[in-house]
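# An overview of the molecular structure
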Amino acid sequence: MHFWTKLNHKAIYVVVLLTLKLPLSYAQSQSAIQPATEQARGISYIWWSMFWVAVVVFVAVMLLLAWGLWCGKSKKPTQLSYLVSRNLVIVAGIAVPLVTVICLVGGSLMLGRSLSASPPDNALEVRITGWMWWWQIEYLDENSNTIATTANELHVPINRPIQVYLESGDVIHSFWVPQLHGKTDLIPGRTNSSWFEVDVSGTFRGQCAEFCGLQHALMGFLVVSEPQAEFDAWLANQQAPAQPPENNEVLAGQRVFFETGCHQCHTIRGTDAAGTAGPDLTHLASRQSIASVTRKNSRAHLGGWVADPNGIKPGAKMPMSQLDAKELSDLLDYLQSLH
Ligand code: HEC
Ligand SMILES: [Cu+2]
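In the nomenclature of an unreviewed UniProt entry, the chain corresponds to cytochrome-c oxidase from the organism Paraglaciecola agarilytica NO2. What the UniProt record of the chain gives under Catalytic activity (unreviewed entry) is the line "4 Fe(II)-[cytochrome c] + O2 + 8 H(+)(in) = 4 Fe(III)-[cytochrome c] + 2 H2O + 4 H(+)(out)". As stated in UniProt under Subcellular location (unreviewed entry), the record for the chain gives "Membrane".

## Some thoughts on the site of ligand 1
Lining the immediate surroundings of ligand 1 are 27 residues, of which Cys262, Cys265, His266, Ala291 and Met318 lie closest. Between ligand 1 and histidine 266, the relevant distance is 2.7 Å, taken from a nitrogen atom to a side-chain nitrogen or oxygen of the residue. Note that an oxygen atom of ligand 1 is positioned 2.6 Å from one of the backbone N or O atoms of alanine 291. In a pocket analysis with a 2 Å cut-off to the grid points, ligand 1 is assigned to the largest pocket. At the level of secondary structure, the elements contributing two or more residues to the shell around ligand 1 comprise α6 (299-307) and α8 (325-336). Among the elements that make up the shell around ligand 1, the one with the highest residue count is α6 (3 residues). Among the residues forming the shell around ligand 1, the class breakdown is 17 nonpolar, 7 polar and 3 charged. Per-domain counts for the shell around ligand 1 show at least three residues from each of domain 3 (125-230) and domain 4 (248-336).

## Here's the deal with the coordination of the copper ion (ligand 2)
Within the protein, the atoms that donate to the copper ion (ligand 2) are His173 (ND1), Cys208 (SG), Cys212 (SG) and Met219 (SD), at distances of 2.1 to 2.6 Å. For the copper ion (ligand 2), the 4 donor atoms in the first shell make angles of 92 to 124° at the metal, so the coordination geometry reads as tetrahedral. Considered as a linear motif, the donors of the copper ion (ligand 2) on their single chain read H-x34-C-x3-C-x6-M. Across the pair, exposure class does not vary: cysteine 208 and cysteine 212 are buried alike.

## Structural notes on the layout of surface pockets
Estimated volume of the largest pocket: approximately 620 Å³. Only β11 (289-290), α6 and α8 provide two or more residues apiece to the lining of the largest pocket. Looking at the lining of the largest pocket, the element that brings in the most residues is α6, giving 3 residues. Looking at the lining of the largest pocket, its residues break down into 21 nonpolar, 9 polar and 3 charged. When residues are assigned to domains, the lining of the largest pocket turns out to be shared by domain 3 (125-230) and domain 4 (248-336), each giving three or more.

## With respect to the side chain of asparagine 152
Assignment of secondary structure puts asparagine 152 in the loop between β3 (146-151) and β4 (153-157). Judged by its relative accessible area of 7%, asparagine 152 is buried. A polar contact of 3.4 Å, which involves the side chain of asparagine 152, links it to the side chain of serine 292. Excluding residues that lie within four positions of it along the chain, asparagine 152 makes contacts with Trp134, Trp135, Ile137, Gly220, Phe221, Leu222, Ala291 and Ser292.

## Overview of the coordination of the iron atom of ligand 1
Expected angles at a metal are 109.5 degrees for tetrahedral coordination by four donors and either 90 or 180 degrees for octahedral coordination by six donors. Note on the iron atom of ligand 1: its protein donors are His266 (NE2) and Met318 (SD). The metal-donor distances range over 2.0 to 2.1 Å. In this structure methionine 318 comes out as partly exposed when scored by relative accessible area, which is 22%.

## As for the sheet that holds strand β6 (residues 173-176)
The strand order across the open sheet formed by 5 strands is β4-β10-β9-β6-β7, and the pairing between neighbours is mixed. The strands lining the two open edges of the sheet, one partner per strand, are β4 and β7 (184-186). Ignoring strand direction, the axes of neighbouring strands in this sheet form an average angle of 25°. Across 6 bridges, strand β9 (residues 202-208) lies against strand β10 (residues 220-226) in antiparallel orientation. Pairing of glycine 206 across the sheet is with phenylalanine 221, part of β10. Sheet strands in contact with helix α4 (residues 228-239) are β4 and β10, and its direction is about 135° off that of β4.

## Digging into the confidence of the model for the chain
With 91% of its residues at a pLDDT of at least 70, the chain reaches an overall mean of 90. Note that residues 19-27 has pLDDT below 50 and, in this model, 15 contacts with residues that lie over four places away or in other chains.

## Focus on the packing of helix α5 (residues 248-259) against α8
One way to put it is that α5 packs onto α8 with a least axis distance of 7 Å and a crossing angle of 100°. With respect to α8, the element α5 is oriented roughly perpendicular. Note on element contacts: α8 touches α5 through Glu327, Asp330, Leu331, Asp333, Tyr334 and Leu335, opposite Glu249, Val250, Ala252, Gly253, Gln254, Val256 and Phe257. Partitioning the contact of α5 with α8 into residue classes produces 7 nonpolar, 2 polar and 4 charged.

## A word on the pattern of salt bridges
Inspection of the entire model under this criterion finds 7 salt bridges. The partner of aspartate 280 in a salt bridge is arginine 269, with the nearest N and O atoms 3.4 Å apart. Here arginine 269 lies in the loop between α5 and β11 and aspartate 280 lies in the loop between α5 and β11, a separation of 11 residues in the sequence. Residue classification places aspartate 280 among the buried residues on the basis of a relative accessible area of 8%. Where lysine 326 meets aspartate 330, a salt bridge forms, and the shortest distance between an N and an O atom there is 2.6 Å. Of this pair, lysine 326 and aspartate 330 are both found in helix α8, 4 residues apart, which corresponds to roughly one turn of the helix.

Criteria and cut-off values
- Residues numbered from 1 in each chain as written.
- Chains lettered and ligands numbered in written order.
- Predicted model: local features only at pLDDT ≥ 70, side-chain atom pairs only at ≥ 80, totals over all residues.
- Heavy atoms only, no water.
- UniProt positions renumbered as here; feature names shortened; annotations may be inferred.
- Near = heavy atom within 4 Å.
- Polar contact = N/O pair within 3.5 Å; in protein donor to acceptor, adjacent residues only side chain to side chain.
- 1 Å grid on protein atoms, 1.4 Å probe; cavity = no way out; pocket = protein on both sides within 12 Å on 5 of 7 lines; lining within 4 Å.
- Sits in = over half its atoms within 2 Å of the grid points.
- Helix = DSSP H or I, 4+ residues; strand = E, 2+ residues; numbered from the N terminus.
- Nonpolar A, V, L, I, M, F, W, Y, C, P; charged D, E, K, R; others polar.
- Domains from an automatic or database assignment.
- Donors = N, O, S within 2.8 Å, 3.2 Å for Na, K, Ca; no water.
- Tetrahedral: all angles 85-135°; square planar, octahedral: opposite > 155°, others 65-115°.
- Buried < 20%, exposed > 50% of the residue type's maximum accessible area, 1.4 Å probe, protein only.
- Points joined across faces, edges and corners; volume = space filled by probe spheres on them.
- Contact = heavy atoms within 4.5 Å.
- Pairing = 2+ DSSP bridges.
- Axes fitted to C-alpha atoms, helices over the stretch in contact; angles between N-to-C directions.
- pLDDT = per-residue confidence, 0-100.
- Parallel < 35°, antiparallel > 145°, perpendicular 65-115°, else oblique.
- Salt bridge = Lys/Arg side-chain N within 4 Å of Asp/Glu carboxyl O.

Written as structure tokens, this is what we have:
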């Protein structure tokens with residue numbers, strides 16, 4: 001296609017997407033100005049205030065510039081025009097910016113205070129650990145014991161405060177779900193925390209927001225908010241050990257899993273697999289995506305991932321495996337049986 005035609009197509013595509021608001025649709029969107037929590041709403045208010053202040057300042061400056069250009073040299077300066085321009089500099093150049101900046105800083109300080117307030121008592125507690133380049137998610141009971149472990153997909157009930165404890169297993173990462181809250185860093189050797197309460201059901205995309213190496217950009221995750229009953233059912237399933245193999249292929253696949261050494265890095269509760277270098281796979285098949293939202297969780301993508309993780313995510317800390325077609329197929333049967 002000709003370059004200009006291509007460019008035009010792109011432009012039309014962008015305009016259509018913007019009018020239909022498609023990239024901003026609720027699921028998977030990462031827009032800080034489509035808030036779904038009180039916390040994110042506060043942040044978006046500040047964003048909009050800054051936006052409108054900037055619009056007003058921009059328009060005013062452009063008008064003044066136009067005015068200056070228009071009557072610039074046409075008149076001799078008089079006593080009056082001198083006074084007007086001097087006061088303009090004092091008022092518009094010093095007083096107005098000062099007041100504006102003080103208001104915006106004040107507003108964001110107040111917001112910061114309210115965001116860092118501690119959560120109500122009935123918060124659901126989750127520990128999230130950042131690893132290069134995926135997220136480990138552990139649900140905690142009242143005594144801070146882990147009751148279920150999963151990866152890259154945080155489920156939360158709606159209308160209940162969620163307290164996340166953020167830790168890192170290696171380098172600094174940052175937990176950011178733009179529709180739910182601002183960023184909080186995950187720092188090796190310490191526990192940061194943040195809380196939010198989602199008021200609609202939906203799926204929100206999150207992203208590591210602190211450069212953490214080669215695959216930082218592919219360190220995404222999903223937050224799925226759902227009514228309490230659905231969440232309870234989900235959590236009960238996540239707490240349970242894996243179903244034992246139901247047929248010969250799955251059983252053979254389980255054997256391949258151990259023979260290939262997958263168990264050295266992955267845990268599958270209910271089996272001897274207790275590795276911790278990679279995501280817990282006990283309920284892998286219940287997740288929407290694999291490799292931190294890099295691919296959809298389908299048989300084809302799983303196959304591609306197991307055969308050559310670095311082909312999908314260069315640098316990923318999982319080795320490729322040499323399996324023949326039958327072994328791979330059995331292994332995939334096994335992985336897909338982990339609901
Ligand atoms: C040396 C450790 C190691 C070994 C051995 C290993 N993995 Fe992994 N695996 C990882 C790591 C680390 C990740 C996370 C990669 C990422 O997203 O950056 C991962 C991710 C995965 C995922 C995606 C999980 C998710 O929810 O995103 C699957 C599935 C998986 N491994 C299956 C296997 C299978 C099957 C084997 C054996 C053939 C295997 N792994 C061997 C370390 C390992
Ligand atoms: Cu990161």
